[in-house]
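As a plain string of letters, each chain reads:
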Amino acid sequence: MIQRSLTLFGGLFVLILLVGWVMGLPFTSSRLVEAAAYALIALGLNIQWGYGGLFNFGIMGFLMVGGAAVTFISFPVNPAFWAGEGPAMLGKALLAFAVGALIVLAARKSDRIGITGKWKTALTVLAWFVGYCLYRSQIDPAAAYIESAAGGGWVGGLGGHPVLGWLFGGVLAAGIAYIVGKICLGLRTDYLAIATIGISEIIRALIKNMDWLTRGTLTVSPIPWPTPLPQDFQAGGMDGYSALLSARAGYLLLAVIVLALVMWLISRAYAGPWGRMMRAIRDNHIAATSMGKNVTARQLEIFVFGSVLMGIGGAMLVSFVQIFDPSSYQPINHTFLIWVMVIVGGAGNNWGALFGAILLWLIWVISEPLSKAVFDFVSTWSTQFGWGAIPEIEARSAQMRVFVLGLVITIALRFAPRGLIPEVVKREG
Amino acid sequence: MTELIFFINQVVIAGLVLGCIYALGAIGITLIFGILRFAHFAHSELMTGGAFIAFLLASAFAAWGIVTPIPTGFVVLPIAMVLAAILALGIDKGFYAPLRKRGAKPVTLLIASIGVTLMIQGLIRLFFGAGSYSFFENEPKEVFRFDMAAIGSTRPLVITEPQILMILVTFVSVLALHFFLTRSRLGKAMRAMADNADLAQVSGINTALVVRVTWIIAGALGCMAGTMLALDVTLKPDLAFNIILPIFAAAIVGGLGQAYGAIAGGLLIGFAETLAVFNWTMVLRPLNAILPDWMQLPPTLALVPTEYKLTVAFVILVVTLLVRPTGIFKGASS
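Rules used in this analysis
In every chain, residue numbers begin from 1 and rise along the written sequence. To label them, take the chains in the order written and letter them from A, then take the ligands in the order written and number them from 1. Residues qualify for local features only when their pLDDT is at least 70, as the model is predicted, and side-chain atom pairs are given and counted only at 80 or more; totals for whole chains, interfaces and linings, by contrast, use all residues. Each helix corresponds to a stretch of at least 4 residues labelled H or I by DSSP, and each strand to a stretch of at least 2 residues labelled E; elements are numbered beginning at the N terminus. With C-alpha atoms as the basis for the radius of gyration, the globule rule is written as 2.2 Å multiplied by the number of residues raised to the power 0.38. We call two residues in contact when the distance between their C-beta atoms, placed using the backbone, is within 7 Å. Amino acids outside the nonpolar list (Ala, Val, Leu, Ile, Met, Phe, Trp, Tyr, Cys, Pro) and the charged list (Asp, Glu, Lys, Arg) are all regarded as polar, and Gly is one of them. The domain limits used here are those given by an automatic or database domain assignment. Axes, fitted as lines to C-alpha atoms, cover a helix only where it is in contact. Angles between the N-to-C directions of the axes lie from 0 to 180 degrees. Working definition: roughly parallel below 35 degrees, roughly antiparallel above 145 degrees, roughly perpendicular at 65 to 115 degrees, and oblique for all remaining angles. The sense of a crossing depends on the near helix, which, turned anticlockwise from the far helix by less than a right angle, makes the crossing left-handed and, turned clockwise, makes it right-handed. One fewer than the residue count of a helix, multiplied by 1.5 Å, yields its expected span. Neighbour counting defines burial: a residue surrounded by 20 or more other C-beta atoms within 10 Å of its own C-beta is buried, one with 12 or fewer is exposed, and intermediate counts give partly exposed, using backbone-placed C-beta atoms. Confidence of the predictor at the level of single residues is captured by pLDDT, which takes values from 0 to 100.

Quick word on the overall build of chain A
Turning to step 1, where the next piece is worked out: Looking only at helices and strands, one finds 17 helices and 0 strands in chain A.
Turning to step 2, where the next piece is worked out: Taking 429 residues into account, the globule formula puts the C-alpha radius of gyration at 22 Å, and chain A, at 24 Å, falls close to it.
Turning to step 3, where the next piece is worked out: Principal-axis analysis of the C-alpha atoms gives chain A an extent of 80 × 65 × 50 Å.
Turning to step 4, where the next piece is worked out: Within chain A, contacts between residues separated by at least 24 positions form 81% of all contacts whose residues are at least 6 apart in sequence.

See the structure below:
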């Protein structure tokens with residue numbers, strides 16, 4: 001098994017060198033940084049699916065939450081917002097939200113005063129409606145005011161360090177994962193998948209349309225880097241090319257340090273009693289319950305842990321590209337891609353997930369130039385035969401990566417259902 | 001009465017059309033879930049693929065100079081449905097049957113269906129690009145405007161020809177499905193297998209045949225839904241991919257595995273979406289005359305802003321899963 005892993009990682013290294021040689025260092029260096037962030041996300045999913053057997057199809061939502069969090073923490077302060085009435089109006093909206101939540105809570109406890117059965121249900125629905133109307137009546141004018149010129153356009157950031165933003169992304173993702181897990185984890189696998197997709201779509205719709213908080217489709221840029229930017233190196237007297245590479249190398253170093261730290265932590269957790277308990281729950285939760293394990297609480301725990309990594313990974317991606325564009329998030333690129341990474345790499349094995357993430361990210365990014373080259377070749381060939389060239393090669397090759405991704409996952413499911421570096425099942429005694 | 005006609009135009013017709021499309025898609029999903037026990041995500045691609053097959057056929061008809069009294073999209077629909085059913089059978093044979101034979105878990109089949117989604121979507125985009133197409137490039141889209149002055153409305157009742165045909169076709173096919181499921185031997189076998197697959201097999205039901213018939217029905221109805229959606233709006237590669245979740249919501253709300261539940265769920269979600277974004281001020285405006293000044297209605301009084309239209313379906317989905325996971329018609333439990 002070790003030998004197989006080493007061979008595969010060696011092959012991956014050769015592939016990276018090959019990509020670097022063909023596509024150039026600027027391309028490869030930024031892809032490697034992204035691959036490190038995706039590896040973190042894939043490890044998060046590996047915790048949820050590989051360790052815990054939880055079916056999270058809402059990865060996109062957690063990535064967006066992480067991205068929004070790092071934007072909020074690290075973007076420079078917007079003085080126009082803080083000078084206007086925006087903060088006060090938002091405070092009122094928050095108060096309305098709290099009052100609404102209290103009304104709903106009170107309605108849910110109404111059986112204490114003797115309201116039960118259908119009446120309680122009706123009262124709860126009414127309380128939700130009243131709370132919703134109350135909140136809307138405060139948030140709508142606040143949002144309209146902040147989005148106007150007087151309110152500063154949007155809330156802006158806090159001007160903190162990006163690494164703080166990454167941490168906040170993790171914390172925010174954890175909070176949302178806690179709520180989602182509380183709601184959904186009792187569901188069976190396919191229902192859980194559909195429910196999490198639904199929730200991630202709700203998160204996407206909210207982030208995309210809450211212009212006052214995230215600027216929505218107007219996008220936020222440039223988001224600061226945690227490490228020196230190429231411009232800083234250039235100011236120090238470097239030429240453009242080596243400044244770019246040094247800056248990327250700095251970012252890559254930071255990303256790899258985070259990744260190594262996470263890898264070390266979760267490998268320790270996996271090998272320890274906690275990991276054994278999680279695998280026991282995944283393999284047979286009824287047996288685990290009878291051994292006195294609190295399955296629901298443990299699954300919630302693992303769902304939150306995995307989502308923290310997804311939030312941090314999403315924040316790292318946004319910091320790196322320096323732009324937060326909610327409309328660029330797609331289920332294919334940000335949910336299904338991660339799933340393919342974990343399944344092809346090997347669910348339940350951290351090295352497998354890491355391998356799958358880097359390999360799939362490389363396949364994903366090079367399938368476009370590769371298919372363009374193939375199309376160009378076929379096109380010149382068909383032109384020589386007098387059949388004419390292939391129209392719109394650029395647009396077509398951009399779409400090929402979706403097909404390649406589908407092909408990879410179907411082949412993997414058929415011929416290597418446990419992944420390239422499968423989980424090692426230890427048998428003792 | 002103007003307000004009533006406005007309400008009918010904005011909510012009743014739009015909700016009915018959307019509900020019909022959701023219902024047709026949800027029937028396929030719910031049947032596949034009932035028989036094969038997995039959530040079939042690639043259903044969206046059966047719908048989009050079916051719509052593109054119909055589009056190609058309609059273009060071919062136009063190129064051959066065949067002129068039809070009703071929109072060509074509806075004329076070619078039966079042929080497209082047959083082709084889509086063959087496509088569905090092929091997908092099953094190529095991708096799901098080998099996994100089933102290996103005894104893979106439903107989760108693996110679900111992931112395989114996502115792989116199929118990606119492959120078909122990639123192929124459609126490869127051949128048709130990312131642009132949008134219309135069935136009505138060579139023929140006009142007829143719009144009927146019924147004058148409602150007789151009942152005192154200043155607005156006409158507006159409905160397009162495809163919308164009328166769509167509602168009719170859905171009604172007929174749902175009726176046909178009902179008779180198939182309740183009267184024919186095969187339909188009864190299907191319901192038996194959905195109820196208890198092992199019991200159905202030991203009582204001599206040809207399960208392989210039932211699986212094939214399920215794919216044929218799912219493919220044909222998916223093609224119908226996709227084509228009608230494309231006839232109502234425009235045809236684009238992510239046509240059905242964007243609405244697959246509302247369709248799943250419809251199937252779950254109705255109770256997974258329950259064909260009638262899927263119809264009810266589809267209509268429910270369709271109407272809920274249109275009602276949620278409906279601007280009530282347009283209907284309640286006459287009240288402004290009797291209401292005191294401080295209670296005048298705001299210019300927009302919708303339950304949720306328009307940009308959250310699709311979110312309504314997800315909220316209903318999540319609430320259903322929490323409150324009544326078996327759906328309205330008591331489907332498979334979660």
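Read on, since the account is not over.
Section: the overall build of chain B
Turning to step 1, where the next piece is worked out: From N to C terminus, chain B includes 13 helices and 2 strands.
Turning to step 2, where the next piece is worked out: Expected size for 334 residues packed as a compact globule is a radius of gyration near 20 Å; at 21 Å, chain B falls within 12% of this value.
Turning to step 3, where the next piece is worked out: For chain B, the spread of C-alpha atoms along the principal axes amounts to about 70 × 55 × 40 Å.
Turning to step 4, where the next piece is worked out: Expressed as a percentage of contacts within chain B between residues at least 6 apart in sequence, the contacts between residues at least 24 apart total 75%.

Quick notes on the interface of chain B and chain A
Turning to step 1, where the next piece is worked out: In this complex, chain B contributes 37 residues to the contact, which on the side of chain A involves 36 residues.
Turning to step 2, where the next piece is worked out: The set of elements that each furnish at least two residues to the side of chain B that touches chain A consists of helix H4 (77–101), helix H5 (106–128), helix H10 (244–254) and helix H13 (309–323) of chain B.
Turning to step 3, where the next piece is worked out: When the residues that make up the side of chain B that touches chain A are grouped by side-chain class, the tally is 28 nonpolar, 7 polar and 2 charged.

A look at the domain arrangement of chain A
Residue and element names in this part refer to chain A.
Turning to step 1, where the next piece is worked out: You can read the domains of chain A as domain 1 (35–78 + 154–327) and domain 2 (330–429).
Turning to step 2, where the next piece is worked out: With 20 residues of domain 1 at the interface, the matching set in domain 2 holds 18 residues.
Turning to step 3, where the next piece is worked out: Listing elements by their share of the side of domain 1 that touches domain 2, those giving two or more residues are helix H2 (25–51), helix H3 (59–74) and helix H11 (240–271).
Turning to step 4, where the next piece is worked out: Here the element with the most residues in the side of domain 1 that touches domain 2 is H2; it accounts for 11 residues.
Turning to step 5, where the next piece is worked out: Taken together, the residues that form the side of domain 1 that touches domain 2 break down as 16 nonpolar, 4 polar and no charged.

Observations concerning the environment of Ile421(A)
All names here are of chain A.
Turning to step 1, where the next piece is worked out: On the secondary structure map, Ile421 appears in the segment after helix H17 (393–415).
Turning to step 2, where the next piece is worked out: As for Ile421 and Leu354, which are separated by 67 residues in sequence, their C-alpha atoms are 9.9 Å apart.
Turning to step 3, where the next piece is worked out: Sequence-distant contacts of Ile421, that is, excluding residues within four places in its chain, are made with Ser5, Leu8, Gly345, Gly346, Asn349, Trp351, Gly352 and Phe355.

Regarding the packing of H3(A) against helix H8 (residues 189–209) of chain A
Residue and element names in this part refer to chain A.
Turning to step 1, where the next piece is worked out: Relative to each other, H3 and H8 sit at 30°, their axes nearing to 8 Å. Considering the angle they form, H3 stands roughly parallel to H8. In terms of crossing hand, the pair formed by H3 and H8 is left-handed. Taking contact as the criterion, the partners of Met60, Gly61, Met64, Val65 and Ala68 in H3 are, on H8, Ile199, Ser200, Ile203, Arg204 and Ile207.
Turning to step 2, where the next piece is worked out: Considered class by class, the residues forming the contact of H3 with H8 number 7 nonpolar, 2 polar and 1 charged.

Considerations on the packing of helix H1 (residues 2–36) of chain B against helix H9 (residues 207–232) of chain B
All names here are of chain B.
Turning to step 1, where the next piece is worked out: Put simply, H1 and H9 touch, their axes get as near as 9 Å, and they point 160° apart. Relative to H9, H1 is oriented roughly antiparallel. Judged by the twist between their axes, the crossing of H1 over H9 is left-handed. The residues of H9 that touch H1, namely those facing Val17, Ile21, Leu24, Gly25, Ile27, Gly28, Leu31, Ile32, Ile35 and Leu36, are Val210, Val211, Thr214, Ile217, Ala218, Leu221, Gly222, Met224, Ala225, Met228, Leu229 and Asp232.
Turning to step 2, where the next piece is worked out: Class assignment of the residues belonging to the contact of H1 with H9 gives a composition of 17 nonpolar, 4 polar and 1 charged.

With respect to helix H1 (residues 2–23) of chain A
Residue and element names in this part refer to chain A.
Turning to step 1, where the next piece is worked out: Helix length check: H1, at 22 residues, gives a terminal C-alpha distance of 31 Å against a target of 32 Å (1.5 Å per residue), a fit within 8%.
Turning to step 2, where the next piece is worked out: Among the 22 residues of H1, 0 are classified as buried, and the element is accordingly described as predominantly exposed.
Turning to step 3, where the next piece is worked out: Following H1 by one or two positions, Gly24 has its phi on the positive side, about 95°.

Describing helix H14 (residues 295–321) of chain A
All names here are of chain A.
Turning to step 1, where the next piece is worked out: Along its 27 residues, H14 runs 39 Å from first to last C-alpha, staying within 8% of the 39 Å computed at 1.5 Å per residue.
Turning to step 2, where the next piece is worked out: Most of H14 is tucked away, with 19 of its 27 residues classed as buried.
Turning to step 3, where the next piece is worked out: Of the residues one or two after H14, Gln322 is the one with positive phi, at around 65°.

Description of unusual backbone geometry
Residues and elements named next belong to chain A.
Turning to step 1, where the next piece is worked out: Following Ser221, the chain continues into Pro222 via a peptide bond in cis, with omega recorded as -5°.
Turning to step 2, where the next piece is worked out: Within the fold, Pro222 resides in the loop between helix H9 (211–214) and helix H10 (230–235).
Turning to step 3, where the next piece is worked out: The backbone phi angle of Arg215 is positive, close to 65°, even though this residue is not glycine.
Turning to step 4, where the next piece is worked out: In this structure, Arg215 sits in the loop between H9 and H10.
Turning to step 5, where the next piece is worked out: Here the phi dihedral of Gln322 falls at roughly 65°; this positive angle occurs in a residue that is not glycine.
Turning to step 6, where the next piece is worked out: Following the sequence through the fold, Gln322 ends up in the loop between H14 and helix H15 (331–345).
Turning to step 7, where the next piece is worked out: Overall, Gln322 belongs to the partly exposed group, with 13 C-beta atoms counted inside 10 Å.

Re the environment of Gly100(A)
Turning to step 1, where the next piece is worked out: By the secondary structure assignment, Gly100(A) is in helix H5 (residues 86–108).
Turning to step 2, where the next piece is worked out: Distance from Gly100(A) to Tyr135(A), taken between C-alpha atoms, is 6.8 Å for residues 35 residues apart in sequence.

Some words on the confidence of the model for chain B
All names here are of chain B.
Turning to step 1, where the next piece is worked out: Residue-level pLDDT values for chain B average 86, and 98% of them are 70 or greater.
Turning to step 2, where the next piece is worked out: Put simply, helix H12 (residues 281–284) is where chain B has its lowest mean pLDDT, 76, and H4 is where it has its highest, 93.
Turning to step 3, where the next piece is worked out: Here the predicted complex carries an ipTM of 0.87, next to a pTM of 0.90.

Considering the environment of Ile103(A)
All names here are of chain A.
Turning to step 1, where the next piece is worked out: Tracing the chain through its elements places Ile103 in helix H5.
Turning to step 2, where the next piece is worked out: With 28 residues separating them in the primary sequence, Ile103 and Gly131 have C-alpha atoms 6.7 Å apart.
Turning to step 3, where the next piece is worked out: Those residues in contact with Ile103, other than ones at most four positions away along the chain, are Ala127, Val130 and Gly131.

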